[in-house]
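Fold and contact review
Chain residues, written in single-letter form:
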Amino acid sequence: MKGGGPVIPNFGGSAHALACQKANRLFCWDWFSSNWSGTLWPALRQHVLLVLIAVVAGFAISMVLALFAHRYQRVEQPVTWFTSFLYTIPSLAFFELLLGIPGLGLNLVTAEIPLVAYTLLILFRNILTGLRNVPTEVLDAARGMGMSRRQTLLRVELPLAMPAIIAGLRIATVSTVALATIAVLVDGNYGLGKPILDGIGDYYFKTELIAAGALAVLLAITADGLLVGAQRLLTPWARMRAT
Amino acid sequence: MGTDAGYVGNAMNSFVDAVKFIFRNGQIPGQPHFTTLTYYALGTVKITVFAMGISLVIALPLGVWLGHRHRGSFVAINLGNIGRALPSLVVLAVASAFLGIGLNEVLVALVVLAVPPIITNAYVGIDEVDPDLVDAARGMGMTGLQVLRQVEMPLAVPLLMAGVRTATLFVISTTTLAAYAGYGDSLGEVVNNEAGYHLSGVLGAAICIAAMAIVIEVVLALVQRALTPEPLRRAEQLALPDEQFVPAIEAV
């Protein structure tokens, strides 16, 4: 740069910038491999944790609510309304509103609250529907065999509800993976949202955005595949029928 | 973005301040007719209406037609799965990075996000109409189009509308996120600008976004009720909450 000239933005980053980073290609593999262990892998691991906590907590809450609603039908309508209400709040507003509540700081707990809240509607509905769709004859047979209510639930109703439950888990997990990228707006350093936001902030070099975004999509697809596998393992009778 | 830890300390009164902000927010330069929140709220509604209009024109006929012909189930259903996996922030950012920052570019991103749930739900809704009913309708001499309009569509209203409602929520929530990808004409602009509007403004705008989403959801629920044929409405009370998600899911 000539002395005294206008300040020209430095397109390629630092002097250590990689060749393809300077060339500003659509996707720079060298950047990807050199930032994998330092940036992307930790972010991916954090993202998995973020999603895992949200889905496990959401599943536990929904299971309790659904079991209640299965036993006492009155519970269903209020729970459906409340979870639909939570589901309706746009993510950005949800995250930001929590910041106004005293005691909730910019941390992982604040980030988890909306993520858990969004899973409830789908999980609750699917668990409850699964339990309700168990045929009456099957329940009668279970009672005729002398099973207690608890035994019926654990050995008959829950296994038969498994496809619906896992279907709910798949939807909840996949959408939580996508939503968790927004958690970065509350917890500035957590998950794949961080490299995504950094990539948005970089006006010229978009590899970071594309890489982190692609990782989020791949993570969602992988998690979905794992749940399909889990369903096959947990419902062996369905396979037997198919063959 | 809320990154100043100091705000957390004096957050006791922040909701009171936020409500004050909602009723007394100034004007932005060059917009003498509206207050700030009204201006951005109108911007949010405008882009939501545009995006949903375009998405409905593209997705609804496609999903309904595929369902009517019982074709393309793999594509129609997996489209919904893929759509769900796309992080909205990434779609917005990619659109603005490669297309530019403006109304049209944001609309592209919104349509990409809104089309999959509409197609999938429309497909499943029509596809899963009881085949006996369709046979009976044909036996009565109805043409394909009559079957579609008088039998399949009315019965599929709950799922058709479930798709539309999901897509609308997606669009509203993404429109506000667009501020982070550089598009400044929605309520997200206020949320994104804590330096300018303070925490009270951010919370006030967030409350407005949430309220708007809930109002729109309620309106769509009423539309769904109005579109549902009279005899189905009473049955709907019991069946709908279950049916809305499960058929789509079991078909996955």
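To continue, consider the overall build of chain A. Of the regular secondary structure elements, chain A holds 10 helices and zero strands. Along chain A, helices (α) and strands (β) appear in the sequence α-α-α-α-α-α-α-α-α-α when read from the amino end. Since a compact globule built from 243 residues should have a radius of gyration of about 18 Å, the 24 Å found for chain A marks it as more spread out than a globular shape. With respect to the principal axes defined by its C-alpha atoms, chain A has extents near 95 × 50 × 20 Å. Split into buried and exposed, the 243 residues of chain A put 43% on the buried side. Residue pairs in contact within chain A that sit at least 24 positions apart in sequence constitute 71% of those at least 6 positions apart.

Attention shifts here to the environment of T143(B). Residue and element names in this part refer to chain B. Its location among the elements puts T143 in the loop between α7 (131-139) and α8 (144-177). For T143, a count of 10 C-beta atoms within 10 Å gives the class exposed. Considered as a pair, T143 and H70 are 73 residues apart in the sequence and their alpha carbons are 16 Å apart.

All names here are of chain B. Within the chain, H70 stands out as a residue other than glycine whose phi angle is a positive 50°. Inspection of the secondary structure assignment puts H70 in the loop between α3 (36-69) and α4 (73-85). Not every positive phi belongs to a glycine, and H198 is a case in point at roughly 65°. Looking at the secondary structure, you find H198 in helix α10 (residues 194-227).

Here the focus is the interface of chain B and chain A. Every contact between the two is made by 46 residues of chain B and, on the other side, 44 residues of chain A. No other element matches α10(B), which puts 10 residues into the side of chain B that touches chain A. Of the residues contributing to the side of chain B that touches chain A, the split by class is 35 nonpolar, seven polar and four charged.

Attention now moves to the nonpolar core. Counting 140 residues, the largest nonpolar core has V177(A), L92(B), A93(B), A114(B) and A206(B) as its most contacted members. A per-element tally of this core places α8(B) first, with 18 residues. Not counting chain neighbours up to four residues away, the residues in contact with V177(A) comprise V51(A), A216(A), L219(A), A220(A), A223(A) and A85(B).

In this section: helix α7 (residues 149-179) of chain A. Over its 31 residues, α7(A) runs only 38 Å from end to end, short of the ideal 45 Å by more than 12%, given 1.5 Å per residue. The sharpest bend along α7(A) measures roughly 55° and falls at M162(A), with the proline P163(A) sitting one to four residues further on.

The next point concerns the packing of helix α4 (residues 91-99) of chain A against α10(B). As a packed pair, α4(A) and α10(B) sit with axes 9 Å apart at the nearest point and diverge in direction by 140°. Viewed along their axes, α4(A) and α10(B) adopt a mutual orientation that is oblique. The two elements α4(A) and α10(B) cross, and the hand of that crossing is left-handed. For the pair α4(A) and α10(B), the contacting residues are L92(A), A93(A), E96(A) and L97(A) in the first and V202(B), L203(B), A206(B), I207(B), I209(B) and A210(B) in the second. Looking at the contact of α4(A) with α10(B) residue by residue, the classes come out as nine nonpolar, no polar and one charged.

Time to look at the environment of L97(A). Relative to the assigned elements, L97(A) resides in helix α4. Sequence spacing of L97(A) and A238(A) is 141 residues, and the spatial spacing of their C-alpha atoms is 45 Å. Among all residues touching L97(A), those that are not within four sequence positions of it are L203(B), A206(B), I207(B) and A210(B).

Moving on to the confidence of the model for chain B. Residues and elements named next belong to chain B. Per-chain confidence: chain B averages 83 in pLDDT, with 88% of residues scoring 70 or above. For chain B, the element scoring lowest by mean pLDDT is helix α12 (residues 246-250), at 37; α3 scores highest, at 93. Predicted confidence for residues 1-9 stays below pLDDT 50, and this span has 15 contacts to residues more than four positions away or in other chains. Below a pLDDT of 50 lies the segment residues 236-252, which in the model reaches 35 contacts outside its immediate sequence neighbourhood of four places, other chains included. For this predicted complex, the interface confidence score (ipTM) comes to 0.81, while the overall pTM stands at 0.83.

Criteria and thresholds
Every chain's residues receive numbers from 1 upward, in the order its sequence appears when written. Whichever chain is written first becomes A and whichever ligand is written first becomes 1, with later ones labelled in order. Only residues with pLDDT of at least 70 get local features here, since the model is predicted, and only at 80 or more are side-chain atom pairs given and counted; chain-wide, interface and lining totals rely on the full set of residues. Comment: elements are numbered from the N terminus, with helices defined as DSSP H or I runs of at least four residues and strands as E runs of at least two. Atoms counted for the radius of gyration: C-alpha only. Globule rule: 2.2 Å times residue count to the power 0.38. Around each residue's C-beta, the other C-beta atoms within 10 Å are counted; 20 or more make the residue buried, 12 or fewer make it exposed, and counts in between make it partly exposed. All C-beta atoms are placed from the backbone. A pair of residues counts as a contact when their C-beta atoms, built from backbone coordinates, are separated by no more than 7 Å. In the scheme used here, Gly and all other residues not listed as nonpolar or charged are polar, with Ala, Val, Leu, Ile, Met, Phe, Trp, Tyr, Cys and Pro taken as nonpolar and Asp, Glu, Lys and Arg as charged. Core membership is restricted to buried Ala, Val, Leu, Ile, Met, Phe, Trp, Tyr and Cys residues, and these are joined into a nonpolar core through C-beta atoms within 7 Å. To estimate how far a helix should reach, multiply one less than its number of residues by 1.5 Å. What is called the bend at a residue is the angle between a pair of axes, fitted to the seven residues leading up to and ending at it and to the seven starting from it. To get an axis, fit a line to the C-alpha atoms, keeping to the stretch in contact for a helix; angles then go from 0 to 180 degrees between the N-to-C directions. Geometric relationships in this document are graded by angle, where less than 35 degrees denotes roughly parallel, more than 145 denotes roughly antiparallel, 65 to 115 denotes roughly perpendicular, and other angles denote oblique. Working rule for handedness: look at the near helix, and if it is turned counterclockwise from the far one by less than a right angle, call the crossing left-handed; if clockwise, right-handed. Per-residue confidence from the predictor is given as pLDDT, running between 0 and 100.

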